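Here are the chains, one letter per residue:
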Amino acid sequence: MASLFTIDYSKPELRLLDAGAGTGLLTTALVERLRDSGYNGRIMAVCYENDLKVLPTLTVNLENLKNYLNVKYEIRIENYLTSQNFLSADLFKKDTEEYDMIIGNPPYLKIAKDAPEALAMPEVCYGAPNLYFLFWAMGIKNLKKGEEMVYIIPRSWTSGAYFERFRKFLFQHCVIINIHIFGSRDKVFDGESVLQETMIIKIRKTNEKPRFVKMSSSETSDFEGIRSYDVDYNTIVAPNQFVFLVTSPEETEILSRVNSQSNTLESDDLRMRTGLIVDFRSQEVLRDNDEDGSFPLFYSHHIKNGRVQWPVGREAEYIVTDKPSFLQENTDYLFVKRFTSKEEKRRLQCGIYLKADYSEYKYISTQNKINFIKCDTPELAYGLYVLLNSTLYDAYYRILNGSTQVNSTEINLMPVPSKDAICEMGRELIGRELTEHNCDIIVDKWIR
């Protein structure tokens, strides 16, 4: 992380910030790098830390920097996020404390939407935020124009509606220069219970986009077998401000192919939605067997080999209700599992549902571990299956989202062919086996 910074040797003084400094390891690494590289100017390090358990060690480490590397320091035992005002309108006011270099490993902790930290930063919050991106946003406020910030953070901010406000704020003020990603989520913080997929990122406070983002990757934190490559900035940062973590030239090609399409499910009025029923909250309407007035209730386990198979002899496969919010029209759909395991080959797992197979029912219902897309023809359902069951779109989604949850917001914004083209693709699949191979053959004809 310390090695990523660009050093301006002409500056007589560098001010460093480490918010949530812990024992001061990152500050120590950065100062050592500055001195080892020949920077002889003054260094002022400001460390925020309010964990009383680590303060004695932090103090000892900063004293060593003072005594051996001629560094001035200040420890602030206060809440970094609530101790200063956060308003993007105030971002460039003269009374804002600013730094030449900011380095950090912020806390990864979800907080309540009415927590003091969230209330202090409404411009970047949506729902219950995570502390790590609040630290990052406040760091952008504290960073001098044209200077750099390096953080180690989860990758969850890169897509989805939850972080949309933050991404807008980030790209309003900064550009990405470097990203390093780790292949193994459990070997980055050895001995710790951090299981989120983690990345190191360097940003610069400027609106001048570089031509490339310098990408690198390694399996673990020892950086053995590191792979490095330059990727076009507009490939990494999409027009919708999703961020794609590319790990190879092959993935760059995947993004290029998909991004060549000019439509989205949203623009084609094919919005993916999440299933209606949270079953453990709706026990009173669930039934194990068919009875008068009951309707089918579909779960992810009903998706099998590209089809929807129901019933399969499991409990609570029927629903009896007259609540409109619990029922949906019996029409053609594409069902998609919301959750898969990390070890499964595919992230996108789909099943075609045709109303003709269950024509005796006026309504059906779906459990909320299914996503669904309403289709006005069987051809459209087959065509959407071709796309989402293809190797191309599964790989695209894996680059976009590292979690095992299929997020409907992200699916709705993926570039796709026109609705008419999707229907034509569906016609080509009808009558053939619903294999990934057959889907790939059709996709390769339409998306080159």
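Above this text is the structure in question.
Think of each chain on its own: its residues are numbered from 1, step by step along the sequence as written. Per-residue local features of the predicted model are confined to residues with pLDDT of at least 70, and side-chain atom pairs are confined, for both listing and counting, to 80 or more; whole-chain, interface and lining totals are unaffected and use all residues. Heavy atoms throughout the structure, all of them, feed into the side-chain values; hydrogens and water do not.

### Some details on the pairing of strand β1 (residues 13–19)
We call a residue buried when its accessible area falls under 20% of the maximum for its residue type, exposed when it is over 50%, and partly exposed in between, using a 1.4 Å probe and counting protein chains only. Starting at the N terminus, helices and strands are each numbered in turn, a helix being any DSSP run of H or I of at least four residues and a strand any DSSP run of E of at least two. Within β1, six of the seven residues are buried, leaving the element largely enclosed by the surrounding structure. Two strands form a pair only when DSSP identifies at least two bridges running between them. With seven bridges connecting them, β1 and strand β2 (residues 42–48) associate as parallel partners. Pairing of Leu 17 across the sheet is with Val 46, part of β2. Of the crossover connections in this fold, the one passing from β1 over helix α1 (residues 25–36) to the parallel β2 is right-handed. Looking at chain direction, β1 and strand β4 (residues 99–104) are connected through two bridges and run parallel. Paired with Leu 16 across the two strands is Met 101, which belongs to β4. Seen with the strands pointing away from the viewer, any crossover whose path from the first strand over the helix to the second strand runs clockwise is right-handed.

### A look at the state of the cysteines
Note on disulfides: each one is a pair of cysteine sulfur atoms within 2.5 Å. By the definition in use, this model includes zero disulfides. Distance from the sulfur of Cys 125, which forms no disulfide, to the nearest cysteine sulfur (Cys 174) is 17 Å. For Cys 125, a relative accessible area of 7% corresponds to the buried category. Cys 350 provides the cysteine sulfur closest to Cys 439, a residue in no disulfide bond, and the two sulfurs are 8.4 Å apart.

### Things to note about the sheet that holds strand β6 (residues 175–182)
Strand pairing in a sheet relies on backbone hydrogen bonds. The paired strands run either parallel or antiparallel. Spatially, the nine strands line up as an open sheet ordered β3-β2-β1-β4-β5-β7-β6-β8-β9, and their pairing is mixed. Two strands bound the open sheet, and with one partner strand each, they are β3 (71–76) and β9 (227–232). Strand-to-strand twist in this sheet, taken as the mean axis angle between neighbours without regard to direction, amounts to 15 degrees. In the sheet, β6 pairs with strand β7 (residues 198–204) via six bridges, with the strands oriented antiparallel. Within the sheet, the bridge partner assigned to Val 175 lies in β7 and is Arg 204. Strands in contact with helix α2 (residues 55–69) are β2 and β3; relative to β3, the strand with the most contacts, it is inclined by about 165 degrees. Axes, fitted as lines to C-alpha atoms, cover a helix only where it is in contact. Angles between the N-to-C directions of the axes lie from 0 to 180 degrees. The contact rule is simple, with two residues in contact once any of their heavy atoms fall within 4.5 Å.

### Observations concerning the packing of aromatic side chains
Two descriptors summarise a pair of aromatic rings, namely the distance from one centre to the other and the angle between the planes of the rings. A pair of aromatic rings is counted whenever rings of Phe, Tyr or Trp (Trp by its six-membered ring) have centres within 6.5 Å, and the orientation is called stacked for planes under 30 degrees apart, edge-to-face for over 60 and tilted otherwise. Using the criterion set out here, one finds 27 aromatic pairs in the structure. With centroids separated by 5.5 Å and ring planes inclined at 50 degrees, the aromatic side chains of Phe 133 and Phe 166 adopt a geometry described as tilted. Here Phe 133, found in helix α4 (residues 131–142), pairs with Phe 166, found in helix α5 (residues 164–173); they are 33 residues apart in sequence, far enough to count as distant. One exposure class covers both Phe 133 and Phe 166, and it is buried. Measuring from centroid to centroid gives 6.4 Å for Tyr 393 and Tyr 396, while their planes differ by 45 degrees, and the two rings are tilted. With Tyr 393 and Tyr 396 both in helix α9 (residues 391–400) and three residues apart, the pair spans about one turn of that helix. The ring of Phe 326 carries Lys 323 above its face, with NZ or CZ at 4.3 Å from the centroid. Over a ring means this: the NZ of a Lys or the CZ of an Arg is within 6 Å of the ring centre and within 35 degrees of the ring normal.

### Observations regarding empty space enclosed by the protein
Over the atoms rolls a probe the size of a water molecule, and its path tells where empty space is left. A cavity, in this analysis, means grid points on a 1 Å lattice covering only the protein atoms where a 1.4 Å probe fits yet has no way out; a pocket is instead an open set bounded by protein on both sides within 12 Å along at least five of seven lines, and a residue lines either one if it has an atom within 4 Å of a point. Grid points are joined across faces, edges and corners, and a volume is the space filled by probe spheres set on the points. Taken as a whole, this structure holds one cavity of 30 Å³ or more when the rule is applied. What the largest cavity holds in volume is close to 40 Å³. Considering the residues around the largest cavity, the lining is formed by Thr 6, Asp 8, Leu 14, Asp 100, Met 101, Glu 147 and Glu 148. If you list the elements that add at least two residues to the lining of the largest cavity, you get β4 and β5 (143–154). Just so you know the grouping, Ala, Val, Leu, Ile, Met, Phe, Trp, Tyr, Cys and Pro go in nonpolar, Asp, Glu, Lys and Arg go in charged, and all remaining residues, Gly too, go in polar. Residues of the lining of the largest cavity, tallied by class, amount to two nonpolar, one polar and four charged.

### Considerations on the sheet that holds strand β12 (residues 286–287)
Strand order in the open sheet formed by five strands is β12-β16-β13-β20-β17, and the pairing between neighbours is mixed. Edge positions in the open sheet fall to β12 and β17 (328–329), since each of these has one partner strand only. Note that β12 and strand β16 (residues 318–320) share two bridges and pair antiparallel. By the bridge assignment, Leu 286 is partnered in β16 with Ile 319.

### A few points about the nonpolar core
If you look at the biggest cluster of nonpolar residues, it comprises 99 residues, and the most contacted ones within it are Val 124, Trp 136, Trp 157, Ile 176, Ile 179 and Ile 201. Here the element with the most residues in this core is α4; it accounts for nine residues. In this view, Ile 179 contacts Met 199, Ile 200, Ile 201, Val 213, Lys 214, Met 215, Ser 216, Ile 236, Val 243 and Leu 245; residues no more than four positions away in its chain are not counted. Side-chain atoms within 4.5 Å link the members of a nonpolar core, which is a set of buried Ala, Val, Leu, Ile, Met, Phe, Trp, Tyr and Cys residues. Listed in part, the 25 residues of the second largest apolar core include Leu 16, Leu 58, Val 150 and Ile 152.

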